[in-house]
Amino acid sequence: MAEAQETSTPAPIVEAGKVSKWLTENGFEHEFLGLDASGVEMLIVDRDFLIPISTALYAYGFNFLQCQGGYDSGPGQDLVSFYHLIKIADNVDRPEEVRVKVSLPRANPSVPSVYWIWKSADWQERETYDMYGIIYEGHPNLKRILMPEDWVGYPLRKDYISPDFYELQDAY
């Protein structure tokens, strides 16, 4: 009997992007996650390095926080706070973009606020707090923005159970 030959193709080596290389050259710890479908670099950073890295990215030219948000990786898994940054400049057809993610433990989902770097984080961080319960330390007005102040829980967490929920039946 002939033994089956294993032919495994090695995983393609993904070279770090321009922003990731610049951060590495300047001593900023992060992990390069690859490119998304649009070709935007994705980086993951530790919560303790978010402010230094954000400040460096601002100095590098990322002067606009296009989107800040969060998502739940699944029941019992981490929550993620993400930041989509853009370099806004005159006469640029396709501005440079980068997405920074911070993975947070469900038990204590807190991360420093980037409000003091990009003012557009104000309501976006409040919405993420309201829907996922991620605490943005140092935010000037972190309170609910969509749900009533006395609402219990965070509605977009995947383990959220809606209080007093009654399913509507088909009416025909």
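Higher on the page you've got the structure.
The structure reproduced in this document is the subject of the present report. Residue numbers restart at each chain and count upward from 1, following the sequence in its written direction. A pLDDT threshold of at least 70 governs which residues receive local features in this predicted model, and a stricter bar of 80 or more applies before side-chain atom pairs are shown or counted, although totals over entire chains, interfaces and linings include all residues. In computing side-chain values, all of the structure's heavy atoms are included and hydrogens and water are not.

This part takes up helix α2 (residues 50-60). Three exposure classes are used, based on accessible area relative to the maximum for each residue type with a 1.4 Å probe and protein chains only: buried under 20%, partly exposed in between, and exposed over 50%. Secondary structure elements are defined from DSSP: runs of H or I of at least 4 residues count as helices, runs of E of at least 2 residues count as strands, and each element is numbered from the N terminus. For α2, the complete set of buried residues consists of Leu-50, Ile-53, Ser-54, Ala-56, Leu-57 and Tyr-60. Down the axis of α2, the smallest arc covering the buried residues is 160°, so these residues share one side. What makes two residues a contact is simply this: any of their non-hydrogen atoms within 4.5 Å. Considering only its buried residues, α2 is in contact with α1 (18-25), β4 (79-86), β5 (97-104) and β6 (110-112). A positive backbone phi angle near 125° is found at Gly-61, which sits one or two residues after α2. Here the arc refers to the directions that run from the helix axis out to each C-beta atom.

A word on the side chain of Arg-99. The topology assignment puts Arg-99 in strand β5. Judged by its relative accessible area of 16%, Arg-99 falls in the buried class. Not counting chain neighbours up to four residues away, the residues in contact with Arg-99 comprise Asp-36, Val-40, Glu-41, Met-42, Leu-43, Tyr-83 and His-84.

Bringing helix α3 (residues 121-132) into the picture now. Given the number of residues in a helix, its expected span is that number minus one, multiplied by 1.5 Å. Taking 1.5 Å of rise per residue, 12 residues should cover 16 Å, and α3 covers 16 Å from first to last C-alpha, within 8% of that figure. Within α3, 10 of the 12 residues are buried, which leaves the element mostly enclosed by the surrounding structure. Residues of α3 that are buried include every one of Ala-121, Asp-122, Gln-124, Glu-125, Arg-126, Thr-128, Tyr-129, Asp-130, Met-131 and Tyr-132, and no others. Looking at the packing, one finds that the buried side of α3 touches β3 (64-72), β4 and β7 (135-137). Gly-133, located one to two residues past α3, shows a positive phi value of around 80°.

Here we come to the nonpolar core. Core analysis: the biggest nonpolar cluster contains 27 residues, and Val-19, Leu-50, Leu-57, Tyr-83, Leu-85 and Val-111 have the highest contact counts within it. Sequence-distant contacts of Val-19, defined by excluding residues within four places in its chain, comprise Glu-41, Leu-43, Leu-57, Tyr-60, Phe-62, Glu-96 and Val-98. Among the buried residues, those of types Ala, Val, Leu, Ile, Met, Phe, Trp, Tyr and Cys that are joined through side-chain atoms within 4.5 Å form a nonpolar core.

Side chains bearing opposite charge may pair, as long as their charged atoms lie close to each other. Here a salt bridge means any side-chain nitrogen of Lys or Arg lying within 4 Å of a carboxyl oxygen belonging to Asp or Glu. Inspection of every chain in the model, using the stated rule, returns 9 salt bridges. The salt bridge partner of Glu-96 is Lys-87, with a shortest N-O separation of 3.3 Å. Bridged by salt links that share partners, the residues Lys-18, Lys-87 and Glu-96 form one connected network.

With that settled, the discussion passes to the packing of aromatic side chains. Aromatic pairing here means that ring centres of Phe, Tyr or Trp (its six-membered ring) are within 6.5 Å. Orientation follows from the plane angle: under 30 degrees is stacked, over 60 is edge-to-face, and everything else is tilted. All told, the structure shown has 6 aromatic pairs when counted by the stated rule. Residues Tyr-58 and Trp-118 carry aromatic rings whose centres are separated by 6.3 Å and whose planes lie at 65° to one another, so their mutual orientation is edge-to-face. Of this pair, Tyr-58 sits in helix α2 while Trp-118 sits in the loop between β6 and α3, placing them 60 residues apart in sequence. On the basis of relative accessibility, which here comes to 42%, the residue Tyr-58 falls in the partly exposed class. For Trp-118, a relative accessible area of 3% translates into the label buried.

With that out of the way, let us pick up the packing of α1 against α2. Helix axes use the C-alpha atoms of the stretch in contact, all axes being lines fitted to C-alpha atoms, and the angles between their N-to-C directions lie in the range 0 to 180 degrees. Relative orientation of the contacting elements α1 and α2 amounts to 115°, with a least axis distance of 11 Å. In the packing of α1 onto α2, the handedness of the crossing is right-handed. Counted together, Lys-18, Val-19, Trp-22 and Leu-23 of α1 and Ile-53, Ala-56, Leu-57 and Tyr-60 of α2 form the full contact between these two elements. Residue polarity is assigned by list, with Asp, Glu, Lys and Arg as charged and Ala, Val, Leu, Ile, Met, Phe, Trp, Tyr, Cys and Pro as nonpolar; anything else, Gly included, falls into the polar class. Within the contact of α1 with α2, the residues separate by chemical class into 7 nonpolar, no polar and 1 charged. For a crossing to be left-handed, the near helix must be turned anticlockwise from the far one by less than a right angle; the clockwise case is right-handed.

Turning our eyes to something else, we now look at the environment of Asp-46. In this fold, Asp-46 is placed in the loop between β2 (41-44) and α2. Along the primary structure Asp-46 and Ser-103 are separated by 57 residues, whereas in three dimensions their C-alpha atoms are 7.3 Å apart. Pairs of N or O atoms are called polar contacts if they sit within 3.5 Å, as long as, within protein, a hydrogen donor faces a hydrogen acceptor (for residues adjacent in sequence, only side-chain-to-side-chain pairs). For Asp-46, the side chain forms a polar contact with the main-chain nitrogen of Asp-48, separated by 3.0 Å.

Attention shifts here to the sheet that holds strand β1 (residues 31-35). Pairing in this open sheet of 5 strands is mixed, and the strands run β1-β2-β5-β4-β3 from one edge to the other. Only two strands of the sheet have a single neighbouring strand rather than two, namely β1 and β3. Pairwise comparison of adjacent strand axes, ignoring direction, gives a mean angle of 20° for this sheet. In this analysis, strands are considered paired if DSSP registers two or more bridges between them. With 4 bridges joining them, β1 and β2 adopt antiparallel strand pairing. From the neighbouring strand, Glu-31 faces β2, where its bridge partner is Ile-44. α1 contacts β1, β2 and β5 of the sheet and is inclined by roughly 40° relative to β2.

Any functional reading would require information that these geometric values do not contain.
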